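Spelled out, the chains give:
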Amino acid sequence: MKEMMQALREASIKAILNADDAESLENLRVKYLGKKGELTAILRQMGKLSAEERPVMGQLANQLRSEIENAIDQRRNELSAAMLEKKLERETLDVTLPGEKPHMGHKHPMYNVLDQIKDIFIGMGFEIVDGPEVELADYNFTKLNIDEGHPSREWTDTFYFTEDSRILLRTQTSPMQIHAMETRELPIRIIAPGRVYRKDEVDATHSPMFHQIEGMVIDKGVTMADLKATLNLVVEKIYGKGTVTRFRPHHFPFTEPSCELDIQCHKCGGKGCSTCKGEGWIEVLGAGMVHPKVLAGCGIDPDVYSGWAFGMGLERLAMGEYKITDLRLIFENDVRFLEQF
Ligand code: PHE
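How each quantity is defined
- Residues numbered from 1 in each chain as written.
- Predicted model: local features only at pLDDT ≥ 70, side-chain atom pairs only at ≥ 80, totals over all residues.
- Heavy atoms only, no water.
- Near = heavy atom within 4 Å.
- Polar contact = N/O pair within 3.5 Å; in protein donor to acceptor, adjacent residues only side chain to side chain.
- Areas by Shrake-Rupley, 256 points an atom, 1.4 Å probe, with all protein chains shown as cover.
- Helix = DSSP H or I, 4+ residues; strand = E, 2+ residues; numbered from the N terminus.
- Nonpolar A, V, L, I, M, F, W, Y, C, P; charged D, E, K, R; others polar.
- Contact = heavy atoms within 4.5 Å.
- Phe/Tyr/Trp six-rings, centres within 6.5 Å; stacked < 30°, edge-to-face > 60°.
- Buried < 20%, exposed > 50% of the residue type's maximum accessible area, 1.4 Å probe, protein only.
- Domains from an automatic or database assignment.
- Pairing = 2+ DSSP bridges.

A. Structural view of the site of the ligand. Taken together, 14 residues form the shell around the ligand, and within it Gln 172, Ser 174, Arg 198, Gln 212 and Gly 311 come nearest. A distance of 2.9 Å separates a nitrogen atom of the ligand from a polar side-chain atom of Ser 174. Residue Gln 212 places a side-chain N or O atom 3.0 Å away from an oxygen atom belonging to the ligand. Protein chains bury 89% of the 320 Å² of accessible surface belonging to the ligand in isolation. With three residues, strand β9 (residues 305–313) is the largest single contributor of residues to the shell around the ligand. Considered class by class, the residues forming the shell around the ligand number five nonpolar, seven polar and two charged.

As structure tokens, then:
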């Protein structure tokens, strides 16, 4: 029995020293010290021993048990120390290395201009509203008094989604006039900035996607005088006090009368230069009194209510403000360009 214990001692210590993870150590513990383990098997044979031998063997067995337990504990400690060492090595961080500077971006210059416009209109009690870029032809055209057959409904000008020309990418923000009149309580004072789409080839002044800002007021007793006064004020806030404006007659199907608003060239004072292309004037927006047919189509009585609306190109405004000469620069998102603003 003594020899068996000695053999177990040698075999178990050797195995424990060779174990290289916690799981195999646990397996060894079960193998040697468990209920069905090898030491237990040896102890079962104690019955065969004489009364004098039994306590001696019992003591030897206890001693062996604690030797094996100690060996396992020690090996476990070694293994976890080694693991910690490895982990620390893997996760070394050289805190003396210079850090990478985070590159802070900023708002796109055109959106700075939009924010400025929003502030001006919010200050005058307008609300800012948003609407769909994928639009029904009904809203983009028909309800705006642009009938079937009108040249702006051509497939060569408009991005349609369906063969029946029913769904399209809005070509203007004016459908927001209809959405507002159909869904909002009167009186209405809104601006609606957003993307619009037209089948234009890209060049220095054209892009198939650009931005407009729609504006509209509907109330009792609103006249062309309100339109002119409000837009003159807006122009002065954008271009500076004393900026000279000119309301030029124009035609839009959804306003009557209609006009375009020009400002006198702030660079040459109206003499004609490269900024105004020799004209002396710079076109800023289209506007007019909301057509009675459009009001009535939205369930608003044109004998009681009237209103005015305008539509303004945002890119053109930003280009003027920041002296940008090529529209493409606004969309290319070249950081070397954008960083300047
Ligand atoms: N939607 C017109 C355009 O795209 C602009 C406009 C808006 C004109 C509102 C009158 C009133 O040219």
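B. Quick look at the environment of Glu 260. Among the secondary structure elements, Glu 260 is positioned in strand β7 (residues 255–264). As a C-alpha pair, Glu 260 and Ile 146 span 114 residues in sequence and 19 Å in three-dimensional space. Ignoring any residue separated from it by four or fewer positions in sequence, one finds Glu 260 in contact with Arg 246, Phe 247, Arg 248, His 250, Phe 252, Glu 283, Leu 285 and Gly 286.

C. Structural context of the packing of aromatic side chains. This structure, assessed with the given rule, holds eight aromatic pairs. Between Phe 121 and Phe 126 the ring centres are 5.0 Å apart and the planes differ by 75°, which places this aromatic pair in the edge-to-face class. The exposure classification of Phe 121 matches that of Phe 126, with both residues buried. Relative to Phe 341, the ring of Phe 337 lies with its centre 5.1 Å away and its plane at 70°, an arrangement referred to as edge-to-face. Ring-pair connections join several aromatic residues into one group, and the members of that group are Phe 121, Phe 126, Trp 308 and Phe 310.

D. Local environment of the domain arrangement of the chain. For the chain, the assigned domains read domain 1 (2–90) and domain 2 (109–338). Relative to domain 2, the C-alpha centre of domain 1 lies at a distance of 88 Å.

E. A look at the pairing of β7. Buried residues dominate β7, accounting for seven of its ten residues. In terms of strand pairing, strand β6 (residues 245–252) meets β7 through seven bridges, oriented antiparallel. The residue bridging Phe 247 from the neighbouring strand is Leu 261, located in β7. The turn linking β6 back onto β7 is made up of two residues.

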